[in-house]
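Structure assessment
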Amino acid sequence: MNARLLLCAVVLVGAVGIVAGCAGPQGQAFMDNIGGVEGLMKNIKQATGTIQEPEEIEMGEGITETLLGARPMVNDPEVQRYVNFVGAWVAAQSDRPNLPWHFAVNDSDHVNAFAAPGGYIIVTKGMMNLLQNEAELAGVLGHEIGHVVRKHHLNAIRKGAYMNLLGAGAAGATAGSRGGELVNALVGPTKELYSRGLDKDDEFDADRIGVVLATRAGYDPWGLAAALQTLAKIKADDKYMALLFKTHPNPSDRLDKLGTAMGTTFDRFNDRPQNADRFQRAVAKIRMVAAN
Ligand SMILES: [Zn+2]
């Protein structure tokens, strides 16, 4: 699990808290495994080369383990099953239906959702508490699925790593070399990405994809817009919103763009279900677990 070791040094600042670094035996194992990421680094150095799907999945798994290391999953298999049931169905409508999609609710009061390459999606307990129904959840998960399908994180990490390697004048960054600069080239951009966020255009793109996927999955297409309306009403200085507002464009801007993109095209799907009851039962379960 080279990617996991590689990424154990990632420090995610903000809602996900601080993750321990690579000190001690784990760090040694990490250094011992650098050789295993050489193929990936070669691709990064080439920049035009694509990262193969198994490597993408491995990278996403490592990032997700780091995220969940900071904030573990809500301890209720039923809740996790529910979010996987909804998420997998929405993801099945995407252009990458065969990725090993995983969805999880983590035990964080911050309002947020994360995607990692390869099909890993985390939605926070705080976000679940804010949403009203399953159509909204489908829209939010659809947005995150959109990031994975379009490889937004993967490409941003690759671009950042490439720039780092260029900046370091990394003559040694070829297959067969071993060195800290290779590791830093990937870890830095990953850390920065999850605290600073993607480009705004990637976010607007993910919003549009989220609506399309939720609609294809049979939900009310206005779920994501409704969720954004709720977010737009929350004060920007709310501490539980800080990371979401830092990493995403303003909810009002997203609503404007989404409204323009949706136009009247989706009006014929207005009678689609929202599944509020089923969603509220899952959220009640999360609250019960949290209270114990
Ligand atoms: Zn996003």
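Nothing here was measured: the structure is a model prediction, and the numbers come from that model.

With that settled, consider the pairing of strand β3 (residues 120-124). Two faces make up the sheet, and in a regular strand the side chains alternate between them. Burial analysis of β3 places five of its five residues in the buried class, the great majority of the element. Residues of β3 alternate between two faces, with Y120, I122 and T124 on one and I121 and V123 on the opposite face, all of them buried. Pairing geometry for strand β2 (residues 113-116) and β3, over four bridges, is antiparallel. Of the residues in β3, the one forming a bridge with A116 is Y120. Hairpin connection of β2 to β3: three residues between the antiparallel strands, including G118 at a positive phi of 85 degrees.

As a further point, take the sheet that holds strand β1 (residues 102-106). On the basis of which strands lie adjacent, the open sheet formed by three strands has the order β1-β3-β2 and mixed pairing. Strands with a single pairing partner mark the edges of an open sheet, and in this sheet they are β1 and β2. Strand-to-strand twist across the sheet, computed as the mean angle between neighbouring axes with direction ignored, equals 15 degrees. Inspection of the sheet shows β1 paired to β3 by five bridges, in the parallel sense. Directly across from H102, in β3, lies its bridge partner Y120. Where helix α7 (residues 134-149) meets the sheet, its contacts fall on β1, β2 and β3, and the angle it forms with β2 comes to roughly 25 degrees.

Let us now look at α7. Between its terminal C-alpha atoms α7 stretches 21 Å, which fits the 22 Å expected from 16 residues at 1.5 Å a residue. Within α7, 16 of the 16 residues are buried, leaving the element largely enclosed by the surrounding structure. Capping of α7 at its N-terminal end is provided by N133; its side-chain oxygen lies 3.1 Å from the backbone amide nitrogen of A135. Taken from the residues just after α7, K151 is the one with a positive phi, measuring 55 degrees.

Take the coordination of the zinc ion next. Summarising the metal site, the zinc ion is bound by the protein donors H143 (NE2), H147 (NE2), E203 (OE) and H248 (NE2), whose distances to it range over 2.0 to 2.4 Å. Coordination geometry of the zinc ion: the four donor atoms subtend angles of 86 to 163 degrees at the metal centre, consistent with an arrangement described as irregular. For the zinc ion, the donor residues sit on a single chain with the sequence spacing H-x3-H-x55-E-x44-H. Taken together, the residues span a long stretch of sequence, with H143 in helix α7 and H248 in the loop between α12 (242-247) and α13 (251-262) at a distance of 105 residues. Here the two residues H143 and H248 agree in accessibility, since each one is buried.

Taken as a whole and assessed by the stated rule, the structure comprises two aromatic pairs. Taking the centre distance of 6.2 Å and the plane angle of 15 degrees together, the rings of W101 and F103 count as stacked. You can call F103 buried: its relative accessible area is 4%. When the centroid spacing of 6.4 Å and the interplanar angle of 55 degrees are considered together, the rings of F266 and F269 count as tilted. Judged on exposure class, the residue F266 and its partner F269 are both buried.

Further remarks concern the confidence of the model for the protein. Predicted confidence across the protein gives a mean pLDDT of 80, with 76% of residues reaching 70 or more. Across the protein, the element-wise mean pLDDT spans from 35 in helix α2 (residues 24-32) up to 98 in α7. Contacts from residues 1-38, a stretch scored under 50 in pLDDT, to residues over four places away or in other chains number 73 contacts. Below a pLDDT of 50 lies the segment residues 170-179, which in the model reaches 21 contacts outside its immediate sequence neighbourhood of four places, other chains included.

As a packed pair, helix α10 (residues 200-216) and α13 sit with axes 10 Å apart at the nearest point and diverge in direction by 50 degrees. Taken together, the axes of α10 and α13 lie oblique to each other. Considering only the axes of α10 and α13, their crossing is right-handed. Residue-level inspection shows F204, D207, R208 and V211 of α10 in contact with α13, the latter providing D253, R254, K257, L258, A261 and M262. Taken together, the residues of the contact of α10 with α13 sort by class into five nonpolar, no polar and five charged.

What counts and how
Residues numbered from 1 in each chain as written. Predicted model: local features only at pLDDT ≥ 70, side-chain atom pairs only at ≥ 80, totals over all residues. Heavy atoms only, no water. Buried < 20%, exposed > 50% of the residue type's maximum accessible area, 1.4 Å probe, protein only. Helix = DSSP H or I, 4+ residues; strand = E, 2+ residues; numbered from the N terminus. Pairing = 2+ DSSP bridges. Axes fitted to C-alpha atoms, helices over the stretch in contact; angles between N-to-C directions. Contact = heavy atoms within 4.5 Å. Expected span 1.5 Å × (residues − 1). Polar contact = N/O pair within 3.5 Å; in protein donor to acceptor, adjacent residues only side chain to side chain. Donors = N, O, S within 2.8 Å, 3.2 Å for Na, K, Ca; no water. Tetrahedral: all angles 85-135°; square planar, octahedral: opposite > 155°, others 65-115°. Phe/Tyr/Trp six-rings, centres within 6.5 Å; stacked < 30°, edge-to-face > 60°. pLDDT = per-residue confidence, 0-100. Parallel < 35°, antiparallel > 145°, perpendicular 65-115°, else oblique. Left-handed = near helix turned anticlockwise from the far one by under 90°. Nonpolar A, V, L, I, M, F, W, Y, C, P; charged D, E, K, R; others polar.

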